[in-house]
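Inside the fold
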Amino acid sequence: MSTTSIVSNAARAAGASPTPEPQVTVLDTGGQYCHLITRKIRELGVYAEIRPSETPAAELSGRKAIVISGGPCSVYEPGSPTVDPAIFSTGAAVLGICYGQQLMAHLLGGTVTKGDRGEYGLAYLEVREQSPLFRGVDHPQKIWMSHRDTVGALPDGFRLLASTETCGTAAIADPERRLYGVQFHPEVVHTECGREILTNFLFGISGCQHDWNPKHRISLIEDQIREVAGGRNVFFFVSGGVDSTVAYTLCLRALGPERVRGLYVDTGLMREGETPYVRQLFASLGATNFSVEDARERFLSALSGVHEPERKRNIIGEKFVEVQDEILQTEHFLDGHWILGQGTIYPDTIESGGSAKADLIKTHHNRVAGIQRLIESNRIIEPLSLFYKDEVREIGRELGIPAEFLERHPFPGPGLAIRCLCSQQPAALQRVDDGWIVPVHSVGVQGDSRTYRPILLLDASRGWEEDYSRATRLINASADFNRVVVQPKAKDPGGFRVFCTDLSDDRLERLRRADDIVRRLCRESGFDREVWQFPVVLIPLGTETAPDSVVLRPVHSVDGMTAQSVPMPQALLDRMCEDLLRVPGVCTVLYDLTHKPPGTIEWE
Ligand code: XMP
C-alpha cells in the first residue's frame, strides 16, 4: 500500500469521514478490472471499497456483499492470491468474478480445470437455470470473457446457472448460502447485461440500499478538511489538472480564501495559453492567494542539448523538486502553520494491476524531501482520496467549476517536452516493401517491457480500414519498428531526412502552434468529445527548409493502460492538415495507426 493511502486511512480513523461504512468490499486479486468493478457498483448508488484479497473476514463484518475480483493467476500456482475462507460464512452474499469464481470453487471443494488456449473476447451466454442473478436478463446474451482456466466439478451445494459454447461453467451458485460466481466480466461495457446482473446481485440478492451520490458528500468533505486542518493553513502545488483544482476548491470553500495558497509552476513546457488560463480559472473560483512561479528559463536551459527521453524526464523531475524545495523554504511552508493539500484520487492510493503506473507517475513529482517530511508527519490533506475521477468531475460540477475545464483531456506533467522528439544524429530513410523506415526512435510497450524503435511510414493510405489492418499485421511481424504511421496528404518521402536536433525554443514553439491548431479544430468540431486523449507530437523529419513533421495521435481509452488509435472524420482531417502545413518549419503531417500495446499513448 502506498504512503498516501496510509495517510488517508489515518485521516479517516481520526473522525469525520466523507464516505459511509462500505456495504460492499471488492477483494483485489491483482486484476486490472478491480477498480472497474468498484466504480460500477458506486455508479449504481452503493458505496464500495477495495481491500487486499487476504483481508481477514473479521474485518469485513457488517458488509452486505463481498466481490472477489478477477486476476491474472491460476489457483494452483504457488503464491497465487487467495481469500480468507471465512468470508463465505459471514452472512454477506459473495460474487466471484473470473479468477474470483475459480478461487471460490477451489476453496469450497470444487475443481478448476487448466485451459490451454483460453477464451478472450465476446461470447454468448445461455442461461441453464433461472436465478435471481439473471432476473430480467434475456438469453443468449453478449458477454465478455477473458480467461484460461475454468471451474470443473462444482463444490457441494452449487448448481450450474449458465454456460457458453466453450465454457461449461459460465455462472454457478449456491443460492442457499448466497454464493455466486461468473466466469465472464459483468463490469465491462461489452457485457451488455452487466449492469442488470450487478443490480440483481446488489439489490435483489445482497439487500444493499442506495447510499451513494458523490454530490451529496460535499459538506462532509468540507467538515473533514476543517477537522484535519485544525488551525493550520493549506498550500497546494496546483497543476491545472482536474483533481488538484477540485481538491483546492473544496479547501477554499471549507477554510476561506485567506487560508488556502495555490502555487503554479510555469515550466515553459505547457500548451499555448495555459498559464493565463489557469490564472483566470483560479481567479474565477475565488482564489485570492494564488501565484505563478516563472521557472521557464530554468527548465529550458537544463534541457538544452538533451535528446534521450528518459534523461528529459529525469531533468524535468529534478527541476520540479528543486523549484518546489525553494518555494517551501522561501514561503516558510515547512513551519507548523501549514499543511500540504493534494489532489490524490482513489486509484492512486491502491496498488492493483490497473493503477500501479498511475502511482509511479504521481509519486515521481512528489518526492521533494520537504514534501516527504510533510507526508511522514501526517501534515497532508487529500480530500479526494476516496473518490474516482468521474466522481471528482461530478463534485466539480456541483461546485460550479466550468464543464469545459472538467472535461479536459489528461495532459502529462512533463508537458510538451516529451512530445517534442529529438535525434542525436542525422539519418536517411530506408525503403522497405511496405513503405519507409523513419529512423526516429520512440517509446512503445510490449508485454511488460519498454521498446525504443524506429517508425514505419506506410507507402500510401488505402482507407482507414485497410490501413489499420495493415498496421496491425506489419507491427506484429517485425521487431524493426514499434509504430506505423500514414501520411493523410501524400508527399514523396524520398526527399525527407532525419535531422540532428534537441529541444530548442523554436521547436517547442512550433509544436505549441501545431497543438493549438489541433485543439481548436477538435473543440469547434466536437471531435474532442469523441476521443479520450489527443497528443500532437513533433518529430525531426523533413527537409532543409521544413525540418519537422507533426504526428496526430487521437486515442480511445478507459484508463490509459491500453488504447486504440481512432480514425478521424475526413473533412476535419483535411482542414487540420491544411492549417498544420502552413506552420513555418512543418514538412508533413503523419497519422499514428498504432494501438497500445504495442505503442504507448505518448511518443517520447
Ligand atoms: P503512455 O504514454 O504510457 O501514457 O501510454 C498513458 C497515460 O499516462 C499519461 N502520462 C503521464 N501523466 N505524468 C502524468 O501526469 C507523466 O509523466 C505522464 N506520462 C504519461 C499519458 O498522457 C497518458 O494519458
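Residues numbered from 1 in each chain as written. Predicted model: local features only at pLDDT ≥ 70, side-chain atom pairs only at ≥ 80, totals over all residues. Heavy atoms only, no water.

Its location among the elements puts Pro175 in the loop between strand S10 (171–174) and strand S11 (179–182). Since its relative accessible area comes to 37%, Pro175 is described here as partly exposed. Along the sequence, Pro175 and Pro132 sit 43 residues apart, while their C-alpha atoms lie 8.9 Å from each other. With sequence-adjacent residues up to four places away left out, Pro175 is seen in contact with Gly157, Arg159 and Tyr180. (Helix = DSSP H or I, 4+ residues; strand = E, 2+ residues; numbered from the N terminus. Buried < 20%, exposed > 50% of the residue type's maximum accessible area, 1.4 Å probe, protein only. Contact = heavy atoms within 4.5 Å.)

A few words now on the sheet that holds strand S14 (residues 290–294). Across the sheet, which stays open at both edges, the 5 strands sit in the order S14-S13-S12-S15-S16 with parallel pairing between neighbours. In this open sheet, the two edge strands, each paired with only one partner strand, are S14 and strand S16 (380–381). Sheet topology note: the strand S13 (residues 260–266)/S14 ladder contains 5 bridges and is parallel. Across the sheet, the residue bridging to Val265 is Glu293, located in S14. (Pairing = 2+ DSSP bridges.)

This paragraph deals with the domain arrangement of the protein chain. Per the domain assignment, the segments making up the protein chain are domain 1 (17–205), domain 2 (217–413) and domain 3 (419–592). Each of domain 1 and domain 2 has a C-alpha centre, and these two points are 37 Å apart. Facing 17 residues of domain 1, the contacting portion of domain 2 comprises 17 residues. Of the roughly 1,300 Å² buried where domain 1 meets domain 2, counting both sides, 56% is carbon and sulfur surface. Area buried by domain 1 at its contact with domain 2 is led by Pro18, His35 and Arg42, which between them contribute 50% of it. At the boundary of domain 1 and domain 2, one finds 2 salt bridges. For Asp390, the salt bridge identified is with Arg39, shortest N-O distance 3.9 Å. When residues of the side of domain 1 that touches domain 2 are traced back to their parent elements, those giving at least two are helix H2 (34–43) and strand S2 (48–52). The biggest single contributor to the side of domain 1 that touches domain 2 is H2, with 6 residues. Counted by class, the side of domain 1 that touches domain 2 contains 5 nonpolar, 7 polar and 5 charged residues. (Domains from an automatic or database assignment. Buried area = accessible area lost by both parts, 1.4 Å probe. Salt bridge = Lys/Arg side-chain N within 4 Å of Asp/Glu carboxyl O. Nonpolar A, V, L, I, M, F, W, Y, C, P; charged D, E, K, R; others polar.)

A separate point is the packing of aromatic side chains. Taken as a whole and judged by the stated rule, the model has 15 aromatic pairs. Taken together, a centroid distance of 4.0 Å and an interplanar angle of 5 degrees make the contact between Phe235 and Phe333 stacked. Note that Phe235 is positioned in strand S12 (residues 233–237) and Phe333 in the loop between helix H9 (309–330) and strand S15 (338–341), a separation of 98 residues in sequence. Three or more aromatic residues joined by ring pairs form one cluster here, namely Phe235, Phe237, Phe333 and Trp338. The side chain of Arg42 reaches across the aromatic face of Tyr346, ending 5.0 Å from its centre. (Phe/Tyr/Trp six-rings, centres within 6.5 Å; stacked < 30°, edge-to-face > 60°. Lys NZ or Arg CZ within 6 Å of the ring centre and 35° of its normal.)

Across all of its chains, the model carries 41 salt bridges by this definition. Across the pair Arg296 and Asp266 runs a salt bridge, and its minimum N-O distance is 3.9 Å. You can see Arg296 sitting in helix H8 (residues 296–303) and its partner Asp266 sitting in strand S13, a full 30 residues away along the chain. Using a relative accessible area of 40% as the deciding quantity, one classes Arg296 as partly exposed. Between Arg450 and Glu310 there is a salt bridge; the shortest N-O distance is 4.0 Å. Highlighted residues: Arg450 in strand S20 (residues 449–458) and Glu310 in helix H9, separated in sequence by 140 residues. Given the relative accessible area of 33%, Glu310 is considered partly exposed. Via salt bridges that share partners, Arg520, Glu524, Arg575, Glu578, Asp579 and Arg582 belong to a single interconnected network.

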